[in-house]
Protein chains: 2
Amino acid sequence: MELKHIQNYVQANKQRFLDELFELLRIPSVSADPKFKADVLRTAEAVKEKLVAAGADKVEVCPTKGFPIVYGEKIIDPKLPTVLVYGHYDVQPPDPLDLWTSGPFEPVIQKTALHPEGAIFARGSCDDKGQVYMHVKAFEYMMKNNCLPCNVKFMIEGEEEVGSSNLGIYCEQNKEKLKADVILISDTGIIANDVPAITVGLRGLSYVEVEVTGPNRDLHSGLYGGAVANPINILCEMIAKMKDENNHITIPGFYDDVEELSAEDRAEMNRAPFSLDEYKKALNLGDIHGEKSYTTIERTSIRPTLDVNGIWGGYTGEGAKTVIASKAYAKISMRLVPHQDNDKITKMFQNYFESVAPKSVKVKVTPHHGGDPVVTPTNSVAYKAASTAMEETFGKKPIPIRSGGSVPIVALFKTVLGVDSVLMGFGLDSDAIHSPNEHYGVFNYLKGIETIPLFFKYYAEMSAK
Amino acid sequence: MELKHIQNYVQANKQRFLDELFELLRIPSVSADPKFKADVLRTAEAVKEKLVAAGADKVEVCPTKGFPIVYGEKIIDPKLPTVLVYGHYDVQPPDPLDLWTSGPFEPVIQKTALHPEGAIFARGSCDDKGQVYMHVKAFEYMMKNNCLPCNVKFMIEGEEEVGSSNLGIYCEQNKEKLKADVILISDTGIIANDVPAITVGLRGLSYVEVEVTGPNRDLHSGLYGGAVANPINILCEMIAKMKDENNHITIPGFYDDVEELSAEDRAEMNRAPFSLDEYKKALNLGDIHGEKSYTTIERTSIRPTLDVNGIWGGYTGEGAKTVIASKAYAKISMRLVPHQDNDKITKMFQNYFESVAPKSVKVKVTPHHGGDPVVTPTNSVAYKAASTAMEETFGKKPIPIRSGGSVPIVALFKTVLGVDSVLMGFGLDSDAIHSPNEHYGVFNYLKGIETIPLFFKYYAEMSAK
């Protein structure tokens, strides 16, 4: 298996690789919204067909209490090591729709400043259909050219964007079937197209929905204003109480388990290429905003956060309505760092949120989903194989980075299956995942397809030593 | 003109009076929402037809830059005094629709604890179509029985719920046509069906919409969380800063012009019948909530307020989305008391809101509409006529009260037309105006039709002295 040979295959099949991915991107597999249920199921079937076509055996759509998990495998020799490829075929909701420059489920290739050779614009192009499909096409290459150097299993789920609540049960029930030596995941990114990176740390997540109830019905703000608790004002005051003037989170005990890095580690981390001016310019920010005494790189990697992801209540239509709403709502998420425990943090949030509520309102906190933070080893065979493969395709040794995002299943795999993951993703932070105009560089998509077979090659070779 | 005679007429025509009002209530004249434009215009035509049928002359639908004003008159003798009846045919938006027990534009009569003889459930039943139509039917009675004792003019507008922005211009341009000795308005309420009241004070209103912009696009909360300003968190913090721990509004200068009542006046005001237990029970409140050192009666009448009427931003659909929104919005209104100036207060709000915004966000404040607070005289001929009429129909002298609501046009009429208003309304605070299940007692509707001709009678008699 040589890089040149892989590259020739990729170039020869480039258009087909794009066309096939586009087929997947056209199906709106939004797992959060029940109205897309049939589309999510249809996507699972499409992924199954693609795996079968690429040469996988025992491909099946495994039912769960939620959306199904697509499984497939190719066992060439039980004595050889096994790589379990994980990914997800569900996507984030596309709204706000009016900010998309093209339809979220009508993929098109457009050039951008960071993607002069074009990027695929569609919901899921980067997160995670595009990255999943790199594995399917890399597998196709190895099958067609008879060079698969070890065993491979695929587990592609449909509930990652809503908390993977049935994946743990599936893993528990299929430990033997899922047995592997390493889990390979492409759901993260590199620093830039000429600065490869491998993610070695991920933040955990605690996600809750809160409801504040004032009076038992909407009231006229003239007749009742000033005398009854306005649940929107109260919710705002409660949210404001979650942070102090230094943007430090005020939930008692919140930082107790946070891993504090040494001055050396922090200095090392801050040597990564980063321009504050460019960062502010790209987002049109008057200023950055975050926890005092930490840099932007630190704030997005080694520090926990508390963000309101959505808020609503009262009259939100055109014009003016003088109403005091009965209820106000917010969706709030906290990103967690090693060694915070998401269940513990969710409980702490709940207790604190309830404790800051005045007697004049009723409060309900509903946990949505969560995941623990992880740090993956950099001295493992799998990490070295990924690093060697990327160095060969990018011409530069990748930098180990901690990402601010969460892939909660990494901790789950370690706990339930006892297997470490390697996070070899090819996206860019600027790819607007979870946002309007999500896109994925054609360069990145093809680079992934080139790199993955080399990972298999080096992983098999290094494991054999 | 005798009460008994009026009552007989009302009883004989009761079903028709209800049927005709129902016709008006079935038209969804929501002025705030452009999609109801045709319905609002249709309502103006319907009001015109009703006035013509009742016997008014020169009835016309007068165009404005917004929704038209319906005018009509009956001049029996230029030497006699003239009463200008003001009301509005537009209504508040009906949402949240799911909380209505019957369709907001499908009027039905249902019994309630406070309305054992039944109440008309429909948007606008009390505010203000039902109260406007009392005047049309009272006028019909006086015309049919040839007992109209003075001149009458009608001015029924279609933009009261969105700030009456074109009414001032119309008044300026039609001063001669609108010339009158008193303005009679039924858009307020009584204390209970056995405790009549006349409103002598109204709070003013300043209504603004605010927009807070963080990053220039929605961002993934994992990749950016902790490092950029989340506009929802910031908006909440800014709203929280609008009040201190005593629920005192913190906008500099906000209370400068507030009229402080004497201890005697406050004691007098607090002698009005009011049960805190019943108030809390009716609204299912764990506790009341408001400015420290003031009673509920004071908080809703002589003290200004700041309430968020609506808030929105980020993901508000089902499930979880880990997004940092680019923008967050709120609609905020302040109720004002004598002698606060709504333009001045709006400007103060704007300055303060901008001043508490961190550099990391951009802020936009858009004034919606406003109105100055008013206190009407209790020693005028018009007040005495209203008081005498109500005492005759209710069997009890009405109590002069200050209402927490706003009828901004009262101040406008005084300024532009130089005419005082008398606020003789027949609703109850519990009628749920601006809320789901708005209703208006059949008792109150008919009592209004009985009382209005007596107001005309006493006003003509007392003016002649």
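Residues numbered from 1 in each chain as written. Chains lettered and ligands numbered in written order. Predicted model: local features only at pLDDT ≥ 70, side-chain atom pairs only at ≥ 80, totals over all residues.

Participant: Any chance you could explain the overall build of chain A here in plain terms?
Facilitator: Helix and strand content of chain A: 13 helices and 18 strands. Dimensions along the principal axes, computed over C-alpha positions, put chain A at roughly 80 × 50 × 45 Å. Split into buried and exposed, the 465 residues of chain A put 57% on the buried side. Long-range contacts, defined here as pairs at least 24 residues apart, represent 78% of the contacts in chain A between residues at least 6 apart. (Helix = DSSP H or I, 4+ residues; strand = E, 2+ residues; numbered from the N terminus. Buried ≥ 20, exposed ≤ 12 C-beta atoms within 10 Å, placed from the backbone. Contact = placed C-beta atoms within 7 Å.)

Participant: Explain the nonpolar core here, please?
Facilitator: Across soluble globular proteins, nonpolar side chains show a tendency to be buried alongside one another. Formed by 274 residues in total, the largest nonpolar core has its most connected members in A:Phe455 and B:Phe455. Not counting the four nearest positions on each side in its chain, A:Phe455 is found in contact with A:Leu184, A:Ala385, A:Ala386, A:Ala389 and A:Met424. (Core = buried A, V, L, I, M, F, W, Y, C linked by C-beta atoms within 7 Å.)

Participant: So what exactly am I meant to see when it comes to the sheet that holds strand β4 (residues 108–110) of chain B here?
Facilitator: Backbone-to-backbone hydrogen bonds pair the strands of a sheet. The strands run either parallel or antiparallel. All names here are of chain B. The sheet built from three strands is open, its strands ordered β4-β5-β18 with antiparallel pairing. Of all the strands in the sheet, just β4 and β18 (439–441) have a single pairing partner and so form its edges. Averaged over neighbouring strand pairs, the angle between their axes works out to 30° when direction is ignored. Packing of helix α13 (residues 442–464) onto the sheet brings it into contact with β4, β5 (119–121) and β18, and relative to β18 it is tilted by some 60°. (Pairing = 2+ DSSP bridges. Axes fitted to C-alpha atoms, helices over the stretch in contact; angles between N-to-C directions.)

Participant: What's the story with unusual backbone geometry in this structure? I'm lost.
Facilitator: The phi angle of most residues is negative, glycine excepted, and most peptide bonds adopt the trans form. In this chain, B:Asp127 is followed by B:Asp128 through a cis amide linkage whose omega measures 10°. Looking at where B:Asp128 falls in the secondary structure, it is placed in the loop between β5 and α3 (129–144). Of note, the bond from B:Pro338 into B:His339 is cis; its omega dihedral lies within 30 degrees of zero at 5°. Although it is not a glycine, A:His434 sits at a positive phi angle of roughly 70°. Checked against the element boundaries, A:His434 lands in the loop between β17 (421–423) and β18 (439–441).

Participant: What should I look at first to understand the relation of the copies chain A and chain B in this one?
Facilitator: A rotation about an axis combined with a shift along that same axis relates the two copies of the chain. For the pair chain A and chain B, the best superposition has an RMSD of 0.1 Å and corresponds to a rotation of 180° with a translation of 0.0 Å parallel to the axis. Considering both components of the superposition, the chain copies are consistent with a two-fold axis. (Least-squares fit on C-alpha atoms with pLDDT ≥ 70 in both.)

Participant: Can you walk me through the pairing of strand β3 (residues 82–88) of chain A in this structure?
Facilitator: A regular strand carries its side chains on alternate faces of the sheet. Residue and element names in this part refer to chain A. Of all seven residues that make up β3, seven are buried, and the element is covered over most of its length. Of the two faces of β3, the one carrying Thr82, Leu84, Tyr86 and His88 and the one carrying Val83, Val85 and Gly87 are both buried. Summarising the sheet, β3 and strand β6 (residues 151–157) pair through seven bridges and their orientation is parallel. Its bridge partner lying in β6, Leu84 is registered against Lys153. Bridge count for β3 against strand β7 (residues 182–185) is four bridges, and the pairing is parallel. Bridging from a neighbouring strand, Val85 pairs with Leu184 of β7.

Participant: Would you explain the domain arrangement of chain A in this entry?
Facilitator: The accessible area lost on association of the parts is a frequent measure of interface size. All names here are of chain A. Partitioning chain A into structural domains gives domain 1 (3–202 + 373–464) and domain 2 (204–259 + 302–371). Each of domain 1 and domain 2 has a C-alpha centre, and the two are 35 Å apart. Here the side of domain 1 that touches domain 2 is composed, by residue class, of five nonpolar, four polar and one charged. (Domains from an automatic or database assignment. Nonpolar A, V, L, I, M, F, W, Y, C, P; charged D, E, K, R; others polar.)

Participant: Help me understand the packing of helix α2 (residues 37–54) of chain A against helix α3 (residues 129–144) of chain A, please; the structure alone is not making it clear to me.
Facilitator: The geometry of a pair of packed helices is captured by two quantities: the angle between their axes and the separation between those axes. Residues and elements named next belong to chain A. Taken N-terminus to C-terminus, the directions of α2 and α3 make an angle of 20°; their axes are 9 Å apart at the nearest point. Overall, the two elements α2 and α3 adopt an arrangement that is roughly parallel. Considering only the axes of α2 and α3, their crossing is right-handed. Residue-level contacts link Lys50, Leu51 and Ala54 of α2 to Val136, Phe139, Glu140 and Met143 of α3. Tallied by class, residues from the contact of α2 with α3 come to five nonpolar, no polar and two charged. (Parallel < 35°, antiparallel > 145°, perpendicular 65-115°, else oblique. Left-handed = near helix turned anticlockwise from the far one by under 90°.)

Participant: Could you clarify how one ought to interpret the sheet that holds strand β5 (residues 119–121) of chain A in this entry?
Facilitator: Residue and element names in this part refer to chain A. An order of β4-β5-β18 is seen for the three strands of this open sheet, with the pairing classed as antiparallel. Looking at which strands have only one partner, the edges of the open sheet turn out to be β4 (108–110) and β18. Put simply, the sheet's adjacent strands are angled 30° from each other on average, direction ignored. Contacts between helix α13 (residues 442–464) and the sheet are confined to β4, β5 and β18, with β18 contributing the most and set at about 60° to the helix.

Participant: What should I look at first to understand the packing of α3(B) against α13(B) in this one?
Facilitator: All names here are of chain B. Where α3 meets α13, the axes come as close as 8 Å, and the angle between the chain directions of the two elements is 55°. By the angle class used here, α3 and α13 are oblique. α13 is crossed by α3, and the crossing has right-handed handedness. For the pair α3 and α13, contact is made by Gly130, Gln131, Met134, His135, Lys137, Ala138, Tyr141 and Met142 and by Tyr445, Gly448, Ile449, Ile452, Pro453 and Phe456, respectively.

Participant: Help me understand the interface of chain A and chain B in this model?
Facilitator: Facing the 83 residues of chain A at the interface are 82 residues of chain B. Within the residue set of the side of chain A that touches chain B, elements represented by two or more residues are β10 (219–220), α5 (221–224), α6 (231–240), α9 (296–299), β11 (307–314), β12 (323–324), β13 (327–336) and β14 (362–371) of chain A. Among the elements that line the side of chain A that touches chain B, the one with the most residues is β11(A), at eight residues. When β11(A) meets strand β11 (residues 307–314) of chain B, the two strands line up antiparallel, connected through five bridges. Counted as the bridge partner of A:Ile311 is B:Gly313 from β11(B).

Participant: I tried to follow the confidence of the model for chain A on my own but got confused; where do I start?
Facilitator: Where the model shows low pLDDT, its predicted coordinates should not be examined in detail. The predicted model of chain A has a mean per-residue pLDDT of 95, with 100% of residues at 70 or higher. Reported confidence for the predicted complex is 0.80 by ipTM and 0.80 by pTM. (pLDDT = per-residue confidence, 0-100.)

Participant: How should I be thinking about the environment of B:Ala240 in this particular structure?
Facilitator: Its place among the elements puts B:Ala240 in helix α6 (residues 231–240). Since 20 C-beta atoms lie within 10 Å of it, B:Ala240 is described here as buried. Between the C-alpha atom of B:Ala240 and that of B:Thr250, which follows or precedes it by 10 residues, the distance is 9.9 Å. Apart from residues lying up to four places away in sequence, B:Ala240 is in contact with A:Cys236, A:Glu237 and A:Ala240.

Participant: How do you make sense of helix α10 (residues 342–355) of chain A when you look at a structure like this?
Facilitator: Each turn of an α-helix holds 3.6 residues, which means side chains three or four residues apart point in the same direction. Residues and elements named next belong to chain A. Here α10 spans 20 Å end to end across 14 residues, near enough to the 20 Å set by a 1.5 Å rise per residue. Buried within α10 are the following residues: Asn342, Ile345, Thr346, Met348, Phe349, Tyr352 and Phe353. Buried residues of α10 fall within an arc of 160° about the axis and therefore sit on the same side. Those residues of α10 that are exposed and aimed more than 90 degrees away from the buried face are Asp343 and Ser355. If you follow the buried residues of α10, they end up packed against β9 (204–213), α6, β13 and β14. (Expected span 1.5 Å × (residues − 1). Arc of directions from axis to C-beta.)

Participant: Would you mind showing me how to read the pairing of β9(A) here?
Facilitator: Residue and element names in this part refer to chain A. Across the 10 residues of β9, eight count as buried, placing the element largely inside the fold. Two elements, β9 and β13, share 10 bridges in a ladder whose sense is antiparallel. Considered in β13, the bridge of Ser206 is made with Met334. Sheet analysis places β9 next to β14, joined by nine bridges and oriented antiparallel. Note that in β14 the partner of Glu209 across the bridge is Thr366.

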